[in-house]
Amino acid sequence: MSSAITGWEHPDPLQRADDGLNCHHDGQGGKKARQAGSSSSSQPTYSVLDVPPWYLCILLGIQHFLTALGGLVAVPLILAKDLCLQHDPLTQSYLISTIFFVSGLCTLLQVFLGVRLPILQGGTFAFVAPSLAMLSLPAWKCPEWTFNASLVNTSSPEFTEEWQKRIRELQGAIMVASCVQMLVGFSGLIGFLMRFIGPLTIAPTISLVALPLFDSAGSNAGVHWGIAAVTIFLIVLFSQYLKNVAVPVPVCGGKKCHTSKFYLFQVFPVLLALCLSWLLCFVLTVTNALPTAPTAYGHLARTDTKGNVLSQAPWFRFPYPGQWGLPTISLAGVFGIIAGVISSMVESVGDYYACARLVGAPPPPRHAVNRGIGIEGLGCLLAGAWGTGNGTTSYSENVGALGITRVGSRMVMVAAGCLLLAMGVFGKIGAAFATIPTPVIGGMFLVMFGVITAVGISNLQYVDMNSSRNLFIFGFSIYCGLAIPSWVNNNAEKLQTGILQLDQVIQVLLTTGMFVGGFLGFFLDNTIPETKRGKTRPLTVGQGWCS
């Protein structure tokens, strides 16, 4: 899911101060020196098949990892409360490490076997809403004692079973739904489906991925609004006000050294803000400026509330399939996750064409798109088997990073995938991210979810919003996507049919705003006659808004 906060004004964040020669590396690194301006500014420094020097692959691979970091870490932290893990940061660290590992594995599969473009794979927000809807069913609501830190013994078999049976239920639903995605991809059905899915379906669907999460973001930020506000301020400062400010860095090549301009704030706004806010919380903890009483307001902003996680976490821990036990399957969970799968597939198709355009490759043919969606389905199957509690999708923010760095080599993404695998095995890394203070997470969520909502709404630029038909479809779809889930959550007993499985399916689907809004947008857009003025093109693969 796109959370692109970085800017686009500077296509190359590491730029020679003297604007000398641009060097293009062919094949195994053979250089073709060209005068600046002799080629189109849209041409990448390294194309898809080029192999940059190994050190450049590693550095740019690290950059892609850091760009995706916010989204990768956010998913397990959002799910933690509904998995009964809010007082078990050590297990949260295991989930973070697992999602790192699976993301690296899926990235390598996509680069070598899928669409074969430099696209990073990672956790998807499209699965979060149906997952939370499933976990809100009466059968899966966390017991009251799990909300009281003093009553939670994280090493007890009773507590372990409480959270593991929930994640096993998620695993089963994700694995079955992923088979649907593999079928749609490898059979070529995605091209047929895209003919009927237009911007008026996509806009409410993507917007409603993030809008219902306002409660989670607000609750985390409300632990200490001061710290959350500092985090938000820093993200906005770096991503919007300082994005055009270049930081001089020394670069040495061969026998000669020179100063280059690096647009640090444009590339890493979220990471910088997170680290500085984290440091602020540490200083306030050391000086006891934050309350020490567990019940006091602002206590969870202290960095020592989860400090023992780093010492408890092993240095190396190898995630493996079935690490939480044998997955279980329920019909309600499967239907809910399928709604997320559809949203994820449509966004990924758009990412494939955007990626090809940015790296100077021709538009991917139908068979490549089909293969990419099929491999993403395989990635979701692996994510379910490993137990991330989530699936995988193409990361739009990393596609955006390609436009900034102008390095489109697949070997860079291979380096990023290998780095993710290594980070997933190195247990202390996941533990470090699990110790991020709660209000810092809340501030990051407020910005990230706001941007995702805006990305969804931005799809309306491809339709005529002066048309009363289009205004009605979008407005009605998104409002129902908020109103109906709210009513169902408060009146679930009024929808009971007497068949438990059917009741659960209905409740999960109708409490997933993304499904409600997307379905209404899809139905109305394909049934209400179009006027000449309000006409929109169908989204066939390789055409329309996603090309």
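Criteria and cut-off values
- Residues numbered from 1 in each chain as written.
- Predicted model: local features only at pLDDT ≥ 70, side-chain atom pairs only at ≥ 80, totals over all residues.
- Heavy atoms only, no water.
- Helix = DSSP H or I, 4+ residues; strand = E, 2+ residues; numbered from the N terminus.
- Buried < 20%, exposed > 50% of the residue type's maximum accessible area, 1.4 Å probe, protein only.
- Contact = heavy atoms within 4.5 Å.
- Axes fitted to C-alpha atoms, helices over the stretch in contact; angles between N-to-C directions.
- Parallel < 35°, antiparallel > 145°, perpendicular 65-115°, else oblique.
- Left-handed = near helix turned anticlockwise from the far one by under 90°.
- Nonpolar A, V, L, I, M, F, W, Y, C, P; charged D, E, K, R; others polar.
- Disulfide = S-S within 2.5 Å.
- Salt bridge = Lys/Arg side-chain N within 4 Å of Asp/Glu carboxyl O.
- Patch = residues over 30% accessible without salt bridge, like charges linked within 9 Å, V, L, I, M, F, W, Y side chains within 5 Å.
- Areas by Shrake-Rupley, 256 points an atom, 1.4 Å probe, with all protein chains shown as cover.
- Core = buried A, V, L, I, M, F, W, Y, C linked by side-chain atoms within 4.5 Å.
- Phe/Tyr/Trp six-rings, centres within 6.5 Å; stacked < 30°, edge-to-face > 60°.
- Expected span 1.5 Å × (residues − 1).
- Polar contact = N/O pair within 3.5 Å; in protein donor to acceptor, adjacent residues only side chain to side chain.

Colleague: What should I look at first to understand the overall build of the chain in this one?
Modeller: When its secondary structure is counted, the chain shows 20 helices and seven strands. By residue count, 56% of the 547 residues in the chain fall in the buried class. Within the chain, contacts between residues at least 6 apart in sequence are counted, and of these 81% link residues at least 24 apart.

Colleague: Before we go on, may I ask you to explain the side chain of S343 in this structure?
Modeller: With respect to the secondary-structure elements, S343 resides in helix α12 (residues 331–358). Not counting the four nearest positions on each side in its chain, S343 is found in contact with A126, T205 and M514.

Colleague: It is not clear to me how the packing of helix α3 (residues 128–135) against helix α4 (residues 157–187) should be interpreted in this structure. Could you clarify?
Modeller: The relative placement of two packed helices is expressed as an angle between their axes plus a distance between the axes. Axis separation between α3 and α4 bottoms out at 11 Å; the angle between their running directions is 130°. As judged from the angle between their axes, α3 and α4 are oblique. Remark: the crossing between α3 and α4 carries right-handed chirality. Taken together, the residues of α4 that come into contact with α3 (itself represented by S131, M134 and L135) are R166, E169 and L170. Each residue belonging to the contact of α3 with α4 can be placed in one class, and the counts come to three nonpolar, one polar and two charged.

Colleague: Where do I start with the state of the cysteines in this structure?
Modeller: Two cysteines, two sulfur atoms, one covalent bond between them: this is a disulfide. Summed over all chains, the structure comprises one disulfide. There is a disulfide in this structure between C84 and C142, and the S-S distance comes to 2.1 Å. With the S-S dihedral at roughly -105°, the linkage between C84 and C142 falls on the left-handed side. Remark: C142 occurs in the loop between α3 and α4 and C84 occurs in the loop between α1 (54–79) and α2 (89–112); sequence separation between them is 58 residues. The buried category is assigned to C84, whose relative accessible area is 1%. Residue classification places C142 among the buried residues on the basis of a relative accessible area of 13%.

Colleague: Got a minute to help me understand the pattern of salt bridges in this structure?
Modeller: Any two side chains of opposite charge can pair, on the condition that their charged atoms come close. Applying the stated criterion across every chain yields a total of six salt bridges. When the shortest N-O distance is used, the salt bridge between E161 and R168 registers 2.9 Å. A relative accessible area of 37% means that E161 is categorised as partly exposed. For R168, a relative accessible area of 13% gives the class buried. A salt bridge links R166 to E162, with the nearest nitrogen and oxygen atoms 2.8 Å apart. Residue R166 and its partner E162 are located together in helix α4, separated by four residues, close to a single helical turn. In terms of burial, R166 and E162 fall into one category: buried. One network of salt bridges, with partners in common, ties together E162, K165 and R166.

Colleague: Please clarify how a nonpolar patch on the surface should be interpreted in this entry.
Modeller: Taken together, the side chains of L189, F192, L193, F196, F519, F522 and F523 present a nonpolar region at the surface, about 620 Å² in accessible area. Where the nonpolar patch is concerned, the elements lending two or more residues are α5 (189–194) and α20 (513–527). Relative to the helices and strands, F519 resides in helix α20.

Colleague: So what exactly am I meant to see when it comes to helix α19 (residues 500–510) here?
Modeller: Residue pairs spaced three or four apart in an α-helix point in one direction, given the helix's 3.6 residues per turn. For α19, the full list of buried residues reads D503, Q504, V505, Q507, V508 and L509. Packing partners of the buried residues in α19 comprise α3, α12, α18 (468–490) and α20.

Colleague: What am I meant to see in unusual backbone geometry here?
Modeller: Glycine aside, the phi torsion of most residues is negative, and most peptide linkages are trans. Although it is not a glycine, C84 sits at a positive phi angle of roughly 70°. In the Ramachandran plot, N288 falls in the positive-phi region, its phi being about 60° despite a non-glycine side chain. With respect to the helices and strands, N288 occurs in the loop between α10 (269–286) and α11 (308–312).

Colleague: Explanation requested: the nonpolar core in the structure shown.
Modeller: As a rule of thumb, soluble globular proteins bury nonpolar side chains together. F100, F125, F445 and F449 are the most contacted members of the largest nonpolar core, which has 120 residues in total. Here the element with the most residues in this core is α12; it accounts for 13 residues. Every residue in contact with F445, bar those within four places of it in the chain, is listed here: A74, L77, I78, S216, A217, N220 and G450. Ranked by size, the runner-up nonpolar core spans nine residues in total, among them L200, A203, L208 and I478.

Colleague: Help me understand the packing of aromatic side chains in this model?
Modeller: Note on aromatic pairs: each is described by the distance of the centres and the angle between the planes. Under the counting rule described, the total for this entry stands at 16 aromatic pairs. Ring centres 5.1 Å apart and planes at 70° place the aromatic pair W163 and W324 in the edge-to-face group. Residue W163 is located in helix α4, and its partner W324 is located in the loop between α11 and α12; the two are separated by 161 residues in the primary sequence. Ring geometry for F192 versus F196: centroids 5.2 Å apart, planes at 65°, classification edge-to-face.

Colleague: Can you walk me through helix α6 (residues 199–210) in this structure?
Modeller: The end-to-end C-alpha distance of α6, which contains 12 residues, comes to 17 Å, matching closely the 16 Å that a straight helix rising 1.5 Å per residue would cover. Most of α6 sits inside the fold, with 12 of its 12 residues counted as buried. For α6, every residue scored as buried is listed here: P199, L200, T201, I202, A203, P204, T205, I206, S207, L208, V209 and A210. Among the structural elements, α7 (214–221), α12, α17 (438–458), α18 and α20 are those in contact with the buried residues of α6.

Colleague: Sorry, what's going on with the environment of S156 here?
Modeller: Here S156 is to be found in the loop between α3 and α4. At a separation of 2.9 Å, a polar atom in the side chain of S156 contacts the main-chain carbonyl oxygen of N153. Within the structure, the side chain of S156 is placed 3.3 Å from the backbone nitrogen of F159, a separation counted as a polar contact.

Colleague: Is there a simple way to think about the side chain of S178 in this case?
Modeller: Residue position: S178 is located in helix α4. According to the relative accessible area criterion, S178 is buried, its value standing at 1%. Setting aside chain neighbours within four positions, we find S178 in contact with G377, C380 and L381.

Colleague: I would appreciate a short explanation of the environment of A383 in the present structure.
Modeller: Along the polypeptide, A383 turns up in helix α13 (residues 366–386). The buried category is assigned to A383, whose relative accessible area is 1%. Put simply, A383 and G123 are 260 residues apart on the chain and 8.8 Å apart in space, counted from C-alpha to C-alpha. Apart from residues lying up to four places away in sequence, A383 is in contact with V102, T388, N390, G391 and T392.

Honestly, it's all geometry; don't read function into it.
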